[in-house]
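Residues per chain, in single letters:
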Amino acid sequence: MLPGKAPLSHLGPSGLLLLQLLLSPTAAFFPNIWSLLAAPGSFTHQDLTEEAALNVTLQLFLEQPPPGRPPVRLEDFLGRTLLADDLFAAYFGPGAPSRRFRAALGEVARANAAQDFLPTSRNDPDLHFDAERLGQGRTRLVGALRETLAAARALDYALARQRLGAALHALQDFYSHSNWVELGEQQPHPHLLWPWRELQSLAQVGDPTCSDCEELSCPGNLLGATHLTSGYFGTDPPKPPGKCSHGGHFDQSSSQPPRGGINKDSTSPGFSPHHTLHAQAAQLALLASIQAFSLLRSRLGDSGFSRLLDITPASGLSFVLDTTGSMGEEINAAKIQARHIAERRRGSPMEPAHYILVPFHDPGFGPVFTTSDPDSFWKQLNEIHALGGGDEPEMCLSALELALLHTPPLSDIFVFTDASPKDAFLTNRVESLTRERRCRVTFLVTEDPARVQGRARREVLSPLRFEPYEAVALASGGEVIFTKDQHIQDVAAIVEESTAALVTLPLEPPAVVPGRPLVFSVDGLLRKVTVRIHGEVSSFRIRNPEGVFQSQEEGTGPLGHTRRFGQFWIVTVNDPPRTGAWEIQVTAEGTPPRVRVQAQTSLDFLFHFGIPVEDGPHPGLYPLTQPVAGLQTQLLVEVTGLGSSSNAEGARPHFSHALLRGVPEGTELGSVRLEPVGPPQRGLLAAALPPTLASAAGAFSLELVGQDGGGQGLRRAAPQPCTVAPVLLELSGPPDLLAPGSRAPLSLRVASFSGPQDLDLRTSVYPSFALTSNLSRARLGVNESAWGRLWLQIPDSAPPDSVVTVTAAAVRRDGGPGSPTHAFLRLLVQARAPQDQLAAGAHSADAIRPTATPSFHPSPWGVQGSTGGGIADNPWWGTIGGLLLLLGVVSW
C-alpha cells in the first residue's frame, strides 16, 4: 500500500502535459474492446478509462517515492505503452503482482460500459449528455462523482468503482455527443466538473442547430452558431424541428429532418456521422477523465485513492470469529496470526490494505468492524474473548455473509469455529455472494472430541452438519480444514501464507484417486511451491521431474521441508523448484484426503464473461459475472504479470487455450482456443464458450494452458469455479438520489434462454429496510422475460453515506437441478445536497444555479477556490505549452 500518512497531492499542469507525451493515439465511445470488431481503430470507453487511471497512477508514483526503493523515473516510460505491470514493477519491485489493481480498473471499465446496456441507463439522455439535456447531464455526472467519494469514505470501494464508471461514461460521452469539439475547443470544458459553475452559451429550445444531411458522413451539418448543443437519440424525447440527431444506423431520430447526426463515438461513418473528429473527441475525453481521477485523488488523499483503485500488490485480512466459550484457543490463534502479519508487513508493499472482523455466536452475529489501520484492528481483535454460549449450532453463515458484504473483491476470508451452522438456509446465497465478490473462504474447524462431548446441544446433530461449509468453500475456491485445539495455532499459519498472492496449481486428476498419482506442472515463473495434504493419510510421496522422491517424514528432505500438525501436512519445496511435471502419490484409508498445491508468481489472470451485442447503436460486450444457460457467451481473459515475466531474450509467456472441467468430479467439458484481442502486451484474450457448456446449468473450473518464455509448459487455474446460471437475473437501481425518508423504485428482470422455467422470485435487503415487490413468481418459455418493480423504503433514521444491499433470487419451483440464481445491487444512501432540490426539468444552465454561496474545500496549496469571475480570475487555471487545464479542487 502507498504510505498512508503522505501529504495530499494533486496532478499539476506540468504533470498532465508530461503524461500526455506518453499517450499514443491508438484505439470513448463504444463500450469496450469488443466494439472494435464493428469499428476498428476506434477509442472505446474502456480505453479511455484505463489510460486515464494509468496516467494518474504514474503521477502518484512519481510524487510519492516508494519506501526503501529508488524513485520512479518518468523517462523510463516515455515512448512506451503504459502498462500496469510495468508501473508496479518500477514502484513495488520486479514481480510485484498487479492483479488487484487491474481487477479494480476492470470493475470501473465494466461499470462504464454497462451504461450502454442496462435497461435503466442505456436510453436515459441525462446519463449520456443527449437531447440538449446538458445541465441535467452535468447534475447527474456530479452526483455520480459525489457518490463515488461517499462510497469510498464509507470504505465500500466496490460500490465506489461502480459509481465512478457511471460518472466517467457520462463525462466521456459529453465530448462525443455534444458539439464541443466542433466549436473549436481544444481543452476539456472548464466547468463540467464544477457543480457551482453555470454551463454557459447553451442552445435554447427554439434555436435550430443542424441542417439536413442525407449522407453517412455529415462534416458540415452543424449550423454556424456558437451555442453548445447535443444530438437527440431515438424517439424519447422526440426531436424538435431544426435540432441535431445523435446519428447512425440505429438512431430513429436521424431519419427525421434534419437528417444525419453529430456523434463522434467511432471511426465508422455508419455509426458516427462526425467520425472524422473521433480522435479529437477522444483526446479531450481522455484529458477530462484524467482530471476526474486527479480530483478524486485530491479529495480522498493518496491513501484513499490507492484503495479506490487497489493500487497495491497486497490482499486484505478478514476474520469471522466464533466467540462462544469453547473458542479460546481459536481466538488466540487468530490474534497471533493477525499480530504476525501486521508486524512483518508493516510499511512494506504487502501490508494489508484493509482489515475486517465479524464475531458471531448464537443467536447473535456482528457487528462488522472495518479499518485500514492495523493498530485499530489489533485493538479491536484483542478485546474479543470467548464468553458464554457453548452450545451448537451457531450463526456462522450470517456472520460470513456480513463479512462478504464488507470485504473488497479478490480477498481471503478466514472463519474460525468449532460449531456447525444454524443458518444453513443461507448456503446458496453465500455461495453466490462469494462468486460475485470473488472472495475465497477458508474454514478452520476445531473438533476436539473431549470438548465436543461436554458441549450443550439443543438437537441431535447430523454427521453431515458441516456440508454447508464444504459447499461454500468449493464455490469460493477455499477449503475446510479440520484440526484440534493443540494444532490450531500451527495450522492457522496458512492465514499468512494465503494472503501472499498465491496461485493454486491445477492437479490431474483434480482429486485423489486410489492407485493414481496427482500430477502438477511447475514452470520457471513459480516460486515458494507448497503442497498441503489434509486427511487420514497412511503415506504420501512427492516426485520431481528428475525422479527425486520425498516421503511424509517430518523435517528437511531432498525436495524441501515437511511439517505435520495432526492430519495436516505442509511440504515447502526448495527454491527454485525444478520445472516440469511433478507427482504426488497418496495412500489413505476411508475418505480420500484433500491435496492443494500453491505457489507465488506474478503471472496470473483475471477473467469475466459477456454477451456480444451487435444490433444496437453501441456494439460491444455486455458484461456478465457468470454464463447463462442457452446464451452464446464469450470468455474474456486478462493475463497479468506479462511485463515482468519475459526472459532474457524478451520472449513472453503466452496462453493458447482454456480447458474446462466439471466441478467437483473433474470431467473434461471441452477446450477452447484463446485468441488475442488488441495489442499483445495488454494480455487480452477471448474465446467462445462451447455451446454444450452454455446449454446446461452447472459448475466448471477454468484452466489456462500455454508456454512460458523458455518453451516450458504453463498452466494456471482460476481461483474459483464458475457456474452456469439457469436464467438471467438483473437488478437495476433507481434513477434518482437514495435519501433518508425516500421510497426508491428498483427494476427486476428475469429471462430464460434454455427452456421453460417456473420460478419463485425472492428478495431481501441489508440492512432490514422495508422492501416490496410485485413479482413473486414467473412462468417463462424459451427466450421469454418477466419484469417486476420493487419498492425500497429508506427510513428517516438511515445514516447518510451508508450502503444498502438488495438481493434477488430466482428459485425453481420444481426443485430441479441447478442452484438458485442470485443478483446483488449495492446502493448508497445520501443526504440531499442543495442543488438536488432544484427543478430537474429546466432546460438551461439555470437548472443548476446555486441558491447559496458554496463552501469550497481548501486546496493542497492553502488557497481557496473562487465561485466568481472568469478564467483570468480563477487561481486553478494554468496554461502550459498552449494546453489549458482545470486544476481546481471541486466541492461535490
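In case you missed it, the structure is sitting above this.
Description of the structure in this document.

## Here we look at the packing of helix 2 (residues 45–63) against helix 3 (residues 84–92)
- Contact pair helix 2 / helix 3: the axes reach a minimum separation of 11 Å and the direction vectors enclose 10°. One element, helix 2, and the other, helix 3, form an angle in the roughly parallel class. Contacts between helix 2 and helix 3 involve Leu-54, Thr-57, Leu-58 and Phe-61 from the former and Ala-84, Leu-87, Phe-88, Tyr-91 and Phe-92 from the latter.

## Examining the sheet that holds strand 1 (residues 317–322)
- Here we have 6 strands laid out as an open sheet, ordered 3-2-1-5-6-8, and mixed in their pairing. Among the strands making up the open sheet, the edge pair consists of strand 3 (369–371) and strand 8 (479–483). Between one strand axis and the next, the sheet turns through 15° on average, direction left out of account.
- Sheet topology note: the strand 1/strand 5 (residues 412–417) ladder contains 4 bridges and is parallel. Bridging across to strand 5, Leu-321 finds its partner in Phe-416.
- Across the face of the sheet, helix 8 (residues 328–345) comes into contact with strand 1, strand 5 and strand 6 (440–446) while running at roughly 165° to strand 1.
- Contacts from helix 10 (residues 396–406) reach strand 1, strand 2 (355–360), strand 3, strand 5 and strand 6, with the element oriented near 160° to strand 2.

## So, the pattern of salt bridges
- For the coordinates displayed, the defined rule picks out 42 salt bridges.
- For Arg-440, the salt bridge is made with Asp-412, and the minimal N-O distance between the two is 2.6 Å. With Arg-440 in strand 6 and Asp-412 in strand 5, the pair connects residues that are 28 residues apart, well separated along the chain.
- Here Arg-440 falls in the buried class, since its relative accessible area comes to 11%.
- Residue Arg-661 is joined to Glu-703 by a salt bridge in which the shortest nitrogen-to-oxygen separation is 3.7 Å. With a gap of 42 residues between them, Arg-661 in strand 22 (residues 654–662) and Glu-703 in strand 26 (residues 698–707) connect regions that are remote in the sequence.
- For Glu-703, a relative accessible area of 5% translates into the label buried.
- Several salt bridges converge on common partners, so that one network encompasses Arg-100, Glu-107, Arg-161, Asp-310 and Arg-438.

## A look at the environment of Asp-236
- Inspection of the secondary structure assignment puts Asp-236 in the loop between helix 6 (157–177) and helix 7 (278–308).
- A residue is classified by how much of its surface remains accessible, and Asp-236, at 62% relative accessible area, is exposed.
- Counting along the chain gives 112 residues from Asp-236 to Asp-124, while the straight-line C-alpha distance between them is 8.8 Å.

## Describing the state of the cysteines
- Counted by the stated rule, this structure contains 2 disulfides.
- What pairs with Cys-210 in a disulfide is Cys-244, and their sulfur atoms sit 2.0 Å apart. Classification of the bridge connecting Cys-210 and Cys-244 rests on its S-S torsion, roughly 95°, and on that basis the disulfide is right-handed. Highlighted residues: Cys-210 in the loop between helix 6 and helix 7 and Cys-244 in the loop between helix 6 and helix 7, separated in sequence by 34 residues. Comparing Cys-210 with Cys-244, the two get one shared label, buried.
- Taking only the cysteines that form disulfides and numbering them from first to last, the protein has the pattern 1-4, 2-3.

## Topic: the nonpolar core
- Counting residues in hydrophobic clusters, the biggest one holds 67 residues, and the most contacted among them are Phe-61, Leu-171, Tyr-175, Phe-293, Phe-305, Leu-308 and Leu-309.
- For this core, the secondary structure elements donating two or more residues are helix 2, helix 3, helix 4 (99–114), helix 5 (134–153), helix 6 and helix 7.
- Considering every element that reaches this core, the biggest residue donor is helix 7, with 15 residues.
- Apart from the residues lying within four places of it in its own chain, the contact partners of Phe-293 are Thr-49, Ala-52, Ala-53, Val-56, Leu-164, Leu-168, Phe-305 and Leu-309.
- Among the nonpolar cores identified, the runner-up in size contains 33 residues, and Leu-603, Phe-655, Leu-660 and Leu-714 belong to it.

## With respect to the packing of aromatic side chains
- Applying the stated criterion across every chain, the model contains 23 aromatic pairs.
- Pairing Phe-88 with Phe-101 gives two aromatic rings, centres 5.3 Å apart and planes at 20°, and the pair type is stacked. In this pair, Phe-88 sits in helix 3 while Phe-101 sits in helix 4, placing the two residues 13 residues apart along the sequence.
- Overall, the relative accessible area of 0% leaves Phe-88 in the buried class.
- Its relative accessible area of 0% is what places Phe-101 among the buried residues.

## Structural notes on the pairing of strand 27 (residues 713–717)
- Inspection of the sheet shows strand 26 paired to strand 27 by 5 bridges, in the antiparallel sense. Residue Leu-704 lies in a different strand from strand 27, and its bridge partner there is Arg-716.

## Some details on unusual backbone geometry
- A cis amide bond links Pro-257 to the next residue, Pro-258, at an omega of -10°.
- As for its position among the elements, Pro-258 is in the loop between helix 6 and helix 7.
- Cis rather than trans, the peptide bond between Gly-366 and Pro-367 has omega equal to 0°.
- Turning to its location among the elements, Pro-367 is positioned in the loop between strand 2 and strand 3.
- The phi dihedral of Leu-155 falls on the positive side, at around 65°, and the residue is not glycine.
- Of note in the backbone geometry, Leu-410 takes a positive phi value of approximately 60° without being a glycine.
- Relative to the helices and strands, Leu-410 resides in the loop between helix 10 and strand 5.

## A word on the environment of Leu-48
- Take Leu-48: it is sitting in helix 2.
- Each C-alpha atom, one on Leu-48 and one on Ala-288, is 9.8 Å from the other, the two residues being 240 residues apart in sequence.

## With respect to the sheet that holds strand 20 (residues 620–624)
- The strand order across the open sheet formed by 5 strands is 20-19-21-25-24, and the pairing between neighbours is antiparallel. Every interior strand has two partners, whereas the edge strands, strand 20 and strand 24 (675–676), have only one.
- Where strand 19 (residues 604–613) lies against strand 20, 5 bridges are found, and the strand directions are antiparallel. In the strand pairing of strand 20, Gly-610 is matched with Pro-623.
- With respect to the sheet, helix 4 is in contact with strand 19, strand 20 and strand 21 (634–640), its orientation differing from that of strand 19 by roughly 15°.

## Comments concerning the packing of helix 4 against helix 6
- Axis separation between helix 4 and helix 6 bottoms out at 7 Å; the angle between their running directions is 50°. As far as their axial angle goes, helix 6 and helix 4 are oblique. In terms of crossing hand, the pair formed by helix 4 and helix 6 is right-handed. Residues Ala-104, Glu-107, Val-108, Ala-111 and Asn-112 of helix 4 pack against Ala-158, Arg-161, Gln-162, Leu-164, Gly-165, Ala-166, Leu-168, His-169 and Gln-172 of helix 6.

## Remarks on the pairing of strand 16 (residues 568–573)
- Counting buried positions along strand 16 yields 5 of 6 residues, so the element is predominantly enclosed.
- Alignment of strand 11 (residues 527–534) against strand 16, held across 5 bridges, turns out to be antiparallel. Bridged to Thr-530 within strand 16 is Thr-572.
- The turn linking strand 15 (residues 560–565) back onto strand 16 is made up of 2 residues, and Gly-566 within it adopts a positive phi angle of 65°.

## Quick notes on helix 11 (residues 427–437)
- When you tally the buried positions in helix 11, you get 8 out of 11 residues, the bulk of the element.
- Within helix 11, the full set of buried residues consists of Thr-427, Val-430, Glu-431, Ser-432, Leu-433, Thr-434, Arg-435 and Arg-437.
- Buried residues belonging to helix 11 abut helix 6, helix 10, strand 6, helix 13 (467–476), strand 28 (722–724) and strand 36 (821–829).

## Details of helix 3
- Taken across its 9 residues, helix 3 has 7 buried, putting it largely inside the fold.
- Those residues of helix 3 lying buried are Ala-84, Asp-85, Asp-86, Leu-87, Phe-88, Tyr-91 and Phe-92.
- Gly-93 lies just past helix 3 and shows a positive phi near 120°.

## Considerations on the side chain of Glu-730
- Among the secondary structure elements, Glu-730 is positioned in strand 29 (residues 728–732).
- Exposure remark for Glu-730: the relative accessible area of 9% places this residue in the buried category.
- With residues up to four places along the chain from it excluded, the contact list for Glu-730 reads Tyr-622, Ser-747, Leu-748 and Arg-749.

So, how was this worked out
Residues numbered from 1 in each chain as written. Predicted model: local features only at pLDDT ≥ 70, side-chain atom pairs only at ≥ 80, totals over all residues. Heavy atoms only, no water. Axes fitted to C-alpha atoms, helices over the stretch in contact; angles between N-to-C directions. Helix = DSSP H or I, 4+ residues; strand = E, 2+ residues; numbered from the N terminus. Parallel < 35°, antiparallel > 145°, perpendicular 65-115°, else oblique. Contact = heavy atoms within 4.5 Å. Pairing = 2+ DSSP bridges. Salt bridge = Lys/Arg side-chain N within 4 Å of Asp/Glu carboxyl O. Buried < 20%, exposed > 50% of the residue type's maximum accessible area, 1.4 Å probe, protein only. Disulfide = S-S within 2.5 Å. Core = buried A, V, L, I, M, F, W, Y, C linked by side-chain atoms within 4.5 Å. Phe/Tyr/Trp six-rings, centres within 6.5 Å; stacked < 30°, edge-to-face > 60°. Left-handed = near helix turned anticlockwise from the far one by under 90°.

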